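Chain residues, written in single-letter form:
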Amino acid sequence: MTTTNVFTRMPLLCMQVVFLFTLFMLGGFACTPVLADSADAKSIAFYYQPIDSVRELLSYDRIVVNAEGITPAQLKQLQNAKVEVFAYLSVGETLPPLTDGLYKAVIAENPAWQSKVMDLQQPLWQQYLLSKAERLTATGFDGLFLDTLDSYTLSPPPLHDNQRSALTQIINNIAKRSPTLLLNRGFELLPALDFTPAAIVAESLYAGFNAQQQGYVEQSAEDTAWLMQRLQDVRQQGIEVIVIDYRPDDINDRITAARQIATLGFTPYIADGLLEQYGVSLHYPLPRRVLGLFDSRDGPKKQSRCHRYLSTLIEYAGYVPDCQDISTLKGNTLSLQPYAAAFLMLPEVYYQQPQVITLLQRLLNRIPTVFVGTVPENPAILAQLGLQQQGFYYGQMQASLPTLYPLPQAAKEEYPRYVLQNSQAEVVANYHDNSGNIGVAAFTAPWGGALLAPGDIQELINDRQRWILDPFDVLLPMLRLPSLPVPDITTESGQRIVTAHIDGDGFPSVAWLPGKPFAAQAIFDRILTRYQLPHTVSVVEAEVAAHGLYPHLADKLEQIARDIFRLPNVELASHTFSHPFFWDPRVSSREKLYGDALPVPEYQLNYTREVAGSVAYINETLAPADKKVKVFLWSGMANPTPDIIAQTDALELYNVNGGNTYVLNDNFSYAQVSPHLNWYPNAVQVYAPIMNENLYTELWTENFSGFARVTETFTKLGEPRRLKPVSIYYHMYSGMYPSSLGALDYIYHWAQTQPFTPLYLSEYAKRARGLYETGVGASIFQNGHRVRSTGIRSLRMPANFIVGARSSGVTGVANGPDGRYLSLLGPLAIIAPADSARHFDGAPYLHQANGMVQHWHTDATSVSLSLLSHVPLHATLLQTQHCRVQSHSPGLSIKPSQHELTLSSHLPGEYSLTLTCEASEIAGSH
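The rules behind these values
- Residues numbered from 1 in each chain as written.
- Predicted model: local features only at pLDDT ≥ 70, side-chain atom pairs only at ≥ 80, totals over all residues.
- Heavy atoms only, no water.
- Helix = DSSP H or I, 4+ residues; strand = E, 2+ residues; numbered from the N terminus.
- Rg over C-alpha atoms; globule rule 2.2 N^0.38 Å.
- Buried < 20%, exposed > 50% of the residue type's maximum accessible area, 1.4 Å probe, protein only.
- Contact = heavy atoms within 4.5 Å.
- Areas by Shrake-Rupley, 256 points an atom, 1.4 Å probe, with all protein chains shown as cover.
- Lys, Arg positive; Asp, Glu negative; His and termini not counted.
- Charge placed at Lys NZ, Arg CZ, Asp CG, Glu CD.
- Pairing = 2+ DSSP bridges.
- Polar contact = N/O pair within 3.5 Å; in protein donor to acceptor, adjacent residues only side chain to side chain.
- Phe/Tyr/Trp six-rings, centres within 6.5 Å; stacked < 30°, edge-to-face > 60°.
- Axes fitted to C-alpha atoms, helices over the stretch in contact; angles between N-to-C directions.
- Parallel < 35°, antiparallel > 145°, perpendicular 65-115°, else oblique.
- Nonpolar A, V, L, I, M, F, W, Y, C, P; charged D, E, K, R; others polar.
- Disulfide = S-S within 2.5 Å.
- Left-handed = near helix turned anticlockwise from the far one by under 90°.
- Arc of directions from axis to C-beta.
- Salt bridge = Lys/Arg side-chain N within 4 Å of Asp/Glu carboxyl O.
- Core = buried A, V, L, I, M, F, W, Y, C linked by side-chain atoms within 4.5 Å.

Participant: Explain the overall build of the protein chain here, please?
Facilitator: Assigned secondary structure in the protein chain consists of 20 helices and 52 strands. Computed over C-alpha atoms, the radius of gyration of the protein chain comes to 31 Å, within 12% of the 29 Å expected from 2.2 N^0.38 for 926 residues, which places it in the range of a compact globule. Overall, the protein chain is about 95 × 75 × 70 Å in size when its C-alpha atoms are taken along their principal axes. Considering the protein chain as a whole, with its 926 residues, one finds that 60% of them fall into the buried category. Within the protein chain, contacts between residues at least 6 apart in sequence are counted, and of these 70% link residues at least 24 apart. In the form shown here, the protein chain has an accessible surface area of approximately 36900 Å², with 52% of it arising from carbon and sulfur atoms. If you average the places of the 65 positive and of the 84 negative side-chain charges in the protein chain, the two averages end up 3 Å apart.

Here is the structure:
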């Protein structure tokens, strides 16, 4: 709904509200949509459940949480994204169990919540509250939400005056420790407070929740009128009013209720009665998770089909794959509210488990559900799906749609043949075999759809996997995912990202070059000093240190490392101490063909030594004074568990490597494209976008020039869908042979001819870590989307999208092979469609650059900006025909043409300028 449409409806809404309350309210009633169009109005959420991800909470400007349900890392994520976080503190009552001393302070009970009402005069309870307020403030919360301020009214009436007086004293003392407070009601306390609360919160203006009966209730007109008068009095004192109303899980009803409350000038929050869901305020999160299932008893998540095959598709669509573990699944209690769809790719045996059957019954009635490969054989579920099995296929199979690869021959009872029994279902493709049997291959239905075997994944020899039917064309449409801005980590400033990083393996190898230099010296001479691209370079400590494998070479090897790390285009990384081959203790000893790690004398594998120890060695022994390690590069199978990943987080390092993306012109399948991340609630592993030279050289056994073919990979993953950035990733041992160095020369020369934006790996990893921790939300009054992220700097939009002047936090737009890429500046962006045919209603914007936007500010007549590039800058700005330009940076060349400015430099660096334009051209300052 546009702003104009909202205001054309306001008079009717106001008349309805005024009519309802005229009989009950004293004085006039102003129905001004104060919060409908105010830039200062902030949304809020009250969410007391344990937080697995901040992605939904990012859609609000403020949140109130249970302090025990949020981790320090999540608190930091939210605050870095400019979300204020308040901790919940119950002042008047508490839940058992209590210490013996606090039991003496109980003066009543609240049967609705099975809680104890506390004596506010008791020094022990007062000290408990003040100590907790101090701890919460010291933890870093932006403020406190003080609840249960009227619980003392459940005590005998003769106690009320003294209780109220003690309560006032407690709140005043808490305010001295945490100056930003939200109070739940407490109207009678306001005159006696020594401070002004940030807001007064009130529940159940129109609708409430009966905790004992677990039901929703409408408030009486008298109760609503009484509360309305109190809230209007508060608002007249200049204090914000926040209203929490409770309604069942119907998003449209909640939006309607939120609009009604916002129109009164109050900040709304509409949610379920137990505050277990993400509710509707002035803004609200859109469902962005897609549910999948795996069983950890069969192996870790990263080896599951949910992760390996489905996650890539979900990420590309702009959603978050959420692979839930069947072994711990509670099918009857898993909240489905955050999910937009479900994507199930399981062996049929799992559909026989009770918790999965329970979940399926809920899914099929709630969100689009897609089955891949198999469907449940349970007759009741099959009937619900509208399917009936009629035997099996035999012999060579064909499909009615073009296939990416030939279908296999069907052995006896290998592939069940299904026919549709649902008139509302629509066939996407059929199978037939050489006996003339016909069955459905892919279909859509009101509940979702299915892609049946063998048109899904075929596992081939040499660890190759193939989608038979195109999953983007066949599977994704079945999910019926609403079109959202797609958080993107392939692109920066309108151009595809390129990174380069080197694992330290082979540092001391002798190169087949004149003088027999070490491979690392060859990389230094032939690559790092020749190509200006930013590089992330690592060492394996045991390969270069005196206490490692080659003590007699350590002086020379360490000096080479120091020379590399001093280069201006190199950031530092560790590739461990002893290069562990496995990081997951669940890997059996039979799989460890090479042992645990490099054979360092008298060393037992210790992951803390591998992480913190190797980083300390580099920082203390090899790093120049102005640099420290920024990245940790996983070794071997690159399969760290969450607790090991947490060690890198504790050191404030980005961690990268893993994933198995490897495709060529003659070996291409989307099934071989890994997702961007391996995400856990308490840790994130960023995968290397593309595999290294090891796979291109048959595990470094032959064809040492084979890595040159990685440019085929880059091209295949850039068009027609930009699935990955360009990632030049290899080992130090690529410096061993003239042919392998020649391959690197070819790759770097190729990259230099492309319109890429070079980033350090740490910069890419920062964006990648934020991919899942991005909230996509909406406003109850404005159309468009609100995107708030912990790291991303780019969004992909449909190819016909025009950026409207009401957008903010957006600096540029450029066309890509699969849509329009928007460049973002800070954590929050408002994405609004245009009313005209020109982006930003004609205001200047960045088209593309090979650097990062560091600053972008607009006012009525000017745009000031700065760009940081790790290579000589090249950038273009569009819609600049009515602007004058002033450069603030020596060495910046500016070439104007009819509608654009071209910026260039001969050196890397940060460059700034100001455009002074006709006022009408900056009307939609973005």
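Participant: Explanation requested: the sheet that holds strand β6 (residues 115-118) in the structure shown.
Facilitator: Across a sheet, paired strands are connected by hydrogen bonds in the backbone, their directions being either parallel or antiparallel. Read from one edge to the other, the open sheet built from 3 strands follows the order β4-β6-β5, with strand pairing classed as antiparallel. Each having just a single partner strand, β4 (93-94) and β5 (106-110) make up the two edges of the open sheet. Of the pairings in the sheet, the one linking β5 to β6 comprises 4 bridges and is antiparallel in character. From the neighbouring strand, alanine 108 faces β6, where its bridge partner is valine 117.

Participant: Can you help me understand helix α11 (residues 471-478) in this one?
Facilitator: Within an α-helix, residues lying three or four positions from one another point in the same direction, as the helix has 3.6 residues per turn. Summarising burial for α11: 6 of the 8 residues are buried, a large majority. Along α11, the residues classified as buried are Pro471, Phe472, Val474, Leu475, Leu476 and Met478. A distance of 2.8 Å separates the backbone nitrogen of phenylalanine 472 from a side-chain oxygen at the start of α11, and that oxygen is part of aspartate 470.

Participant: Quick question: what am I supposed to make of the environment of aspartate 626 here?
Facilitator: With respect to the helices and strands, the residue aspartate 626 is situated in the loop between α15 (607-622) and β33 (629-633). A sequence separation of 268 residues divides aspartate 626 from threonine 358, and the C-alpha atoms of the two residues are 58 Å apart.

Participant: Would you take a moment to explain the packing of aromatic side chains for this structure?
Facilitator: Centre-to-centre distance and the angle between the planes together describe a pair of aromatic rings. On inspection of all chains with the given rule, the structure shows 33 aromatic pairs. Seen from their ring centres, phenylalanine 371 and tryptophan 447 are 5.9 Å apart, and the 70° between their planes marks the pair as edge-to-face. Taken together, the residues span a long stretch of sequence, with phenylalanine 371 in strand β18 (residues 369-373) and tryptophan 447 in the loop between β24 (438-445) and β25 (448-452) at a distance of 76 residues. Taken together, the ring pairs connect Phe46, Tyr48, Tyr60, Tyr88, Phe145 and Tyr269 into an aromatic cluster.

Participant: Can you help me understand the side chain of threonine 713 in this one?
Facilitator: The residue threonine 713 is located in helix α18 (residues 710-716) in this model. With residues near it in sequence (within four places) discarded, threonine 713 still touches Val663, Leu664, Ile690 and Tyr696.

Participant: It is not clear to me how the packing of helix α14 (residues 554-566) against α15 should be interpreted in this structure. Could you clarify?
Facilitator: When two helices pack together, their arrangement is captured by the angle between the axes and the distance separating the axes. Relative to each other, α14 and α15 sit at 85°, their axes nearing to 10 Å. Between α14 and α15, the angle is such that the two are roughly perpendicular. Seen from α14, the contacting residues are Glu558, Ala561, Arg562 and Phe565; seen from α15, they are Tyr617, Ile618, Thr621 and Leu622. The residue makeup of the contact of α14 with α15, split by class, is 5 nonpolar, 1 polar and 2 charged.

Participant: Help me understand the state of the cysteines, please; the structure alone is not making it clear to me.
Facilitator: Here is the idea: a disulfide is a covalent bond, and it sits between the sulfur atoms of two cysteines. Counted according to the given criterion, the structure contains 2 disulfides. Between cysteine 306 and cysteine 323 runs a disulfide, and the two sulfur atoms are separated by 2.1 Å. Its torsion about the S-S bond being -90°, the disulfide of cysteine 306 and cysteine 323 is classed as left-handed. Residue cysteine 306 is located in helix α8 (residues 305-316), and its partner cysteine 323 is located in strand β16 (residues 320-325); the two are separated by 17 residues in the primary sequence.

Participant: Would you mind showing me how to read the side chain of serine 311 here?
Facilitator: Counting through the fold element by element, serine 311 comes out in helix α8. Its relative accessible area of 2% is what places serine 311 among the buried residues. When sequence neighbours within four positions are dropped, the list of residues in contact with serine 311 reads Cys306, Pro321, Cys323 and Pro675.

Participant: For this particular structure, what's the right way to read the packing of helix α4 (residues 123-139) against helix α5 (residues 160-177)?
Facilitator: One can describe the packing of α4 onto α5 by two numbers: an axis separation of 9 Å at closest approach and a directional angle of 25°. In terms of orientation, α4 and α5 fall into the roughly parallel class. Pair α4 / α5 crosses with right-handed handedness. Residues Gln126, Leu129, Leu130, Ala133, Glu134 and Thr137 of α4 lie in contact with α5, whose contacting residues are Ala166, Ile170, Asn173, Ile174 and Arg177. Partitioned by chemical class, the residues of the contact of α4 with α5 number 6 nonpolar, 3 polar and 2 charged.

Participant: Please explain unusual backbone geometry as it appears in this structure.
Facilitator: Only a minority of non-glycine residues have a phi that is not negative, and only a minority of peptide bonds are not trans. In this model, proline 96 is joined to proline 97 through a cis peptide bond whose omega is 0°. Tracing the sequence through the fold places proline 97 in the loop between β4 and α3 (100-103). Here the phi dihedral of leucine 275 falls at roughly 55°; this positive angle occurs in a residue that is not glycine. Examined against the element boundaries, leucine 275 turns out to sit in the loop between β13 (267-271) and β14 (283-285).

Participant: What am I meant to see in the sheet that holds strand β44 (residues 828-831) here?
Facilitator: An order of β14-β39-β40-β44 is seen for the 4 strands of this open sheet, with the pairing classed as antiparallel. Edge positions in the open sheet fall to β14 and β44, since each of these has one partner strand only. Averaged over all pairs of adjacent strands, the angle between their axes in this sheet comes to 30°, without regard to strand direction. One ladder, built from 4 bridges, connects strand β39 (residues 774-779) with strand β40 (residues 785-789); its direction is antiparallel. Bridging across to β40, glycine 775 finds its partner in arginine 788.

Participant: Explain helix α2 (residues 72-80) to me, please; I cannot follow it from the model alone.
Facilitator: Listing the buried residues of α2 in full gives Gln74, Leu75 and Leu78. For α2, the buried positions fall inside an angular range of 100° around the axis, keeping them on one side. In α2, the exposed residues that point more than 90 degrees away from the buried face are Pro72, Ala73 and Asn80. On the buried face of α2, the contacting elements are β2 (62-65), β3 (84-90) and α4. Count one or two residues on from α2 and you reach lysine 82, which has phi positive near 70°.

Participant: Quick question: what am I supposed to make of the pattern of salt bridges here?
Facilitator: Oppositely charged side chains can form a pair if their charged atoms are brought close together. Overall, the coordinates contain 24 salt bridges when judged by the stated rule. Residue arginine 786 is joined to aspartate 61 by a salt bridge in which the shortest nitrogen-to-oxygen separation is 3.0 Å. Here arginine 786 is found in strand β40, whereas its partner aspartate 61 is found in the loop between β1 (44-47) and β2, with 725 residues between them in sequence. Of the charged contacts, one joins arginine 788 and aspartate 61 as a salt bridge, the two residues approaching to 2.6 Å between their closest N and O atoms.

Participant: Just checking my understanding: could you explain the pairing of strand β43 (residues 819-824) for this structure?
Facilitator: Looking along a regular strand, one sees side chains alternate from face to face of the sheet. Among the 6 residues that make up β43, 6 are buried, leaving the element largely enclosed by the rest of the structure. Where strand β42 (residues 810-816) folds back onto β43 in an antiparallel hairpin, the turn is made up of 2 residues.

Participant: Would you explain the nonpolar core in this entry?
Facilitator: Grouped burial of nonpolar side chains is what soluble globular proteins tend to show. Judged by nonpolar contacts, the single largest core of 221 residues is most densely connected at Trp467 and Ile728. Top contributing element to this core by residue count: helix α19 (residues 738-752), with 7 residues. Excluding residues that lie within four positions of it along the chain, isoleucine 728 makes contacts with Val498, Thr499, Ala500, His501, Leu533, Phe714, Ile747, Tyr748 and Ala751. Within the second largest apolar cluster, 33 residues are counted, among which are Leu291, Leu293, Leu329 and Leu360.

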